[in-house]
Every structure is written in structure tokens, then in C-alpha cells.
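Analysis of the macromolecular model
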Amino acid sequence: MAIAENLNNIKSSLPDSVTLVAVSKTKPNSDIMEAYDAGQRIFGENKVQDLTKKYEELPKDIQWHFIGHLQSNKVKYIAPFVSLLHGVDSLKLLSTINKEAQKNNRIIKCLLQFHIAEEDSKFGFSINEVDALIEDNTIEKFEHIEICGVMGMATNTDNNEQVAREFSMLTNIFDQLQKKYFNCHPNFKEISMGMSGDYKIAIQQGSTMVRIGSSIFGQRNYH
Ligand SMILES: *Cc1c(COP(=O)(O)O)cnc(C)c1O
């Protein structure tokens, strides 16, 4: 009951324009089904092995998002079914995703991850790297990838101004890319930012997609 209630509370607090990804990592199928029965269809996982297992065991109308750091050698396991990859952060990964998507006769939707946190432990591109990959047509050549927007994580801190500043940086990056390169791509529309602790700030700063785990499913025992 708690899960459905948490989910409904969060959903009712989100603007219609914001998509909720329910982050079910480390949680059992029974918890996911509680959210599913309350109407949730988009779930996020950050481990390839867990995601594959849950995909096999749970209803097929779930849209599975991969939200973590993806290793190139594991793309093949999720390429047949994943509906959005949030953390795409290197050319090598893009190239592997393209290859695996082609093998599966699919176009895989991806979000480019940007490094916005002052902490240096987080993965991600810089704007200059992405500019270069677009301007030399590298990204355009990946015909089995559709770039649908950007993703980022703010520093884990109580300093709300800093978090807001970092999120606004990502919105800025999105706006720049959209104006320069993705004007004619209506599906380039997502800014994936905001987790349980900071999603309200993220929405104020322009988030279109929040990734919320513990506020729906409760604390995790491990990450
Ligand atoms: C775990 C995780 C989340 C959700 O975190 P909560 O604080 O539990 O809401 C969001 N995004 C990513 C990339 C994560 O790994």
C-alpha cells in the first residue's frame, strides 16, 4: 500500500509536462508490481543483469529505462528491449549502442549525459565534446540511435543554490544543442534531471523527466 500511496503523492505533485521514471533498482518484483498496479509503466534500473531479469519476469508493457553507467560490453543484453538509455557518456558507447541496435533492427533512444556536478566523481560529456561529435557528423552517422535529450546529476549536497545552479547548467546545454542542431528533431525534448532529494529543484530548473527511487519504494539497503 505504501508504494502506491507514495507514487500517487509524487505523481500529483508533478506538472503534466514531467515524466516520472520510477527507479526500482535493488527492489523485488513484488514492489514493482505494486507500482504497476497503481498505473506506473516506466521503470528505471542501473544494473544490466537486474534489468534483464526483471524484463523477463514482469509485464511486457513496462517501458524499461537504463539510468546508470552502461559498459559497452553489456549493451547487447538490453539492446533488444530497452526503451531509453539515460547515461550515454562516450563515443565508444554510442558506437556500440548503434551496432547492437542495428543487430536488433531497432532505433534506440538515448540521452547524452553531461557532467554538471562540481564533484568530479560523476560521468558525462562536456559541451565541447558533444559539439565536436555533432559538427564532424559522427553522431549523425549512428542511424540506429535517436538522441532525445540530455541527462545529468547534481552534486549530492544540502546547498540548494548549488544544486539549482548545476541543473540550470544542464537546461542551458539542452537549449544550446536544440537551437544549434536539433531544431528539426521534435523528439529532442528531454531534460532528465532530479532524484528523490532534489527533483523539486530540478523541475523549477526545467526538468522534463525525473528519476525517483527511494521516495516511492523506500530506502535501499545497498546501491
Ligand atoms: C538511484 C538513482 C536515482 C534515484 O535515486 P533516489 O535518490 O532513490 O530517488 C536516480 N538516478 C540515478 C542515475 C540513480 O542511479
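Structural data are supplied above this passage.
Residues numbered from 1 in each chain as written. Predicted model: local features only at pLDDT ≥ 70, side-chain atom pairs only at ≥ 80, totals over all residues. Heavy atoms only, no water.

Re the overall build of the protein chain
Selection rule: Here a strand is any run of E in DSSP of at least two residues, a helix any run of H or I of at least four, and the numbering for each starts at the N terminus. For the radius of gyration, the atoms used are the C-alpha atoms, and the globule rule reads 2.2 Å times the number of residues raised to 0.38. Throughout this description, buried means an accessible area under 20% of the type-specific maximum (1.4 Å probe, protein chains only), exposed means over 50%, and partly exposed covers the range between. Only the protein chains shown count as cover for residues, and the accessible areas themselves come from Shrake-Rupley with a 1.4 Å probe. Under the convention used here, Asp and Glu are negative, Lys and Arg are positive, and both His and the chain ends fall outside the count. By convention, charge coordinates are those of NZ in Lys, CZ in Arg, CG in Asp, or CD in Glu.
Within the protein chain, the secondary structure is distributed over nine helices and eight strands. A compact globule built from 223 residues would reach a C-alpha radius of gyration of about 17 Å, and the protein chain, at 17 Å, matches this within 12%. For the protein chain, the C-alpha atoms occupy an extent of roughly 50 × 45 × 30 Å along the three principal directions. In the protein chain, buried positions account for 50% of the 223 residues. Surface exposure of the protein chain reaches about 11100 Å², of which carbon and sulfur atoms provide 46%. Side chains of the protein chain carry 24 positive and 28 negative charges; the gap between the two charge centres is 5 Å.

Points about the packing of aromatic side chains
Our working rule: What counts as a ring pair is set by centres within 6.5 Å for rings of Phe, Tyr and Trp (its six-membered ring), and what kind of pair is set by the plane angle: stacked under 30 degrees, edge-to-face over 60, tilted for all other angles.
Considering all chains together, one arrives at five aromatic pairs under this definition. Taking 6.5 Å as the distance between ring centres and 55° as the angle between the ring planes, the aromatic pair formed by Phe114 and Phe125 counts as tilted. With Phe114 in the loop between strand 5 (108-113) and helix 6 (127-135) and Phe125 in the loop between strand 5 and helix 6, this pair connects stretches of sequence that are eleven residues apart. Relative accessible area serves as the criterion here: at 1%, Phe114 is assigned to the buried category. Relative accessible area serves as the criterion here: at 4%, Phe125 is assigned to the buried category. Aromatic pair Phe174 and Phe188: ring centres 4.9 Å apart, planes at 5°, arrangement stacked.

So, the layout of surface pockets
Threshold: Lining residues are those with an atom within 4 Å of a point, where the points come from a 1 Å grid over the protein atoms alone and group into cavities, where a 1.4 Å probe fits but cannot get out, or pockets, open sets with protein on both sides within 12 Å along at least five of seven lines. Grid points are joined across faces, edges and corners, and a volume is the space filled by probe spheres set on the points. Residue classes follow a fixed rule: Ala, Val, Leu, Ile, Met, Phe, Trp, Tyr, Cys and Pro count as nonpolar, while Asp, Glu, Lys and Arg count as charged, and any other residue, Gly among them, counts as polar.
Volume-wise, the second largest pocket comes out at about 300 Å³. Here the element with the most residues in the lining of the second largest pocket is strand 6 (residues 145-151); it accounts for three residues. Considering only residue class, the lining of the second largest pocket consists of nine nonpolar, two polar and two charged.

Regarding the site of the ligand
Worth spelling out the cut-off: In this text, near means that some heavy atom of the residue lies within 4 Å of the molecule or strand in question. Polar contact is defined as a pair of N or O atoms within 3.5 Å, subject to the rule that within protein one atom must be able to donate a hydrogen and the other to accept it, and that residues adjacent in sequence are counted only when both atoms are side-chain atoms.
Close contacts around the ligand come from Val23, Lys25, Ile67, Met151, Met153, Met195, Ser196, Arg211, Ile212, Gly213, Ser214 and Arg220, and that covers them all. Here an oxygen atom of the ligand sits 2.8 Å away from a polar atom, N or O, in the main chain of Gly213. Take Ser214: an N or O atom from its main chain is 2.8 Å from an oxygen atom of the ligand. Protein contacts shield 90% of the accessible area of the ligand, which totals 390 Å² for the unbound molecule. A per-class count over the shell around the ligand returns six nonpolar, three polar and three charged.

Comments concerning the pattern of salt bridges
Here is the rule we go by: Here a salt bridge means any side-chain nitrogen of Lys or Arg lying within 4 Å of a carboxyl oxygen belonging to Asp or Glu.
Going through the model one piece at a time under the given rule, you end up with eight salt bridges. Its salt-bridge partner being Arg165, residue Glu118 comes within 3.4 Å of it at the nearest N-O pair. With Glu118 in the loop between strand 5 and helix 6 and Arg165 in helix 7 (residues 160-180), this residue pair connects regions lying 47 residues apart in the sequence. Here Glu118 falls in the exposed class, since its relative accessible area comes to 54%. Taking the shortest distance from any N to any O, the salt bridge between Lys189 and Glu190 comes out at 3.1 Å.

A few points about the packing of helix 6 against helix 7
Spelled out, the test is: To get an axis, fit a line to the C-alpha atoms, keeping to the stretch in contact for a helix; angles then go from 0 to 180 degrees between the N-to-C directions. What sets the label is the angle itself: under 35 degrees gives roughly parallel, over 145 gives roughly antiparallel, 65 to 115 gives roughly perpendicular, and the rest give oblique. Each crossing is labelled by how the near helix is turned from the far one, with a counterclockwise turn of less than a right angle marking it left-handed and a clockwise turn marking it right-handed. Any pair of residues with heavy atoms lying within 4.5 Å of one another is described as a contacting pair.
For the pair helix 6 and helix 7, interaxial distance at closest approach is 12 Å and the crossing angle is 15°. In this view, helix 6 runs roughly parallel relative to helix 7, as classed from their interaxial angle. Relative to helix 7, helix 6 is oriented so that their crossing is right-handed. Mapping the contact onto sequence places Ile127, Val130, Asp131, Ile134 and Glu135 in helix 6 and Ile173, Gln176, Leu177 and Lys180 in helix 7.

Quick word on unusual backbone geometry
Positive phi outside glycine occurs at Thr26, with the angle close to 70°. Mapped onto the secondary structure, Thr26 falls in the loop between strand 1 (19-23) and helix 2 (29-37). With a phi close to 60°, Asn105 is a non-glycine residue in the positive phi region. Mapped onto the elements of the fold, Asn105 is located in the loop between helix 5 (91-103) and strand 5.

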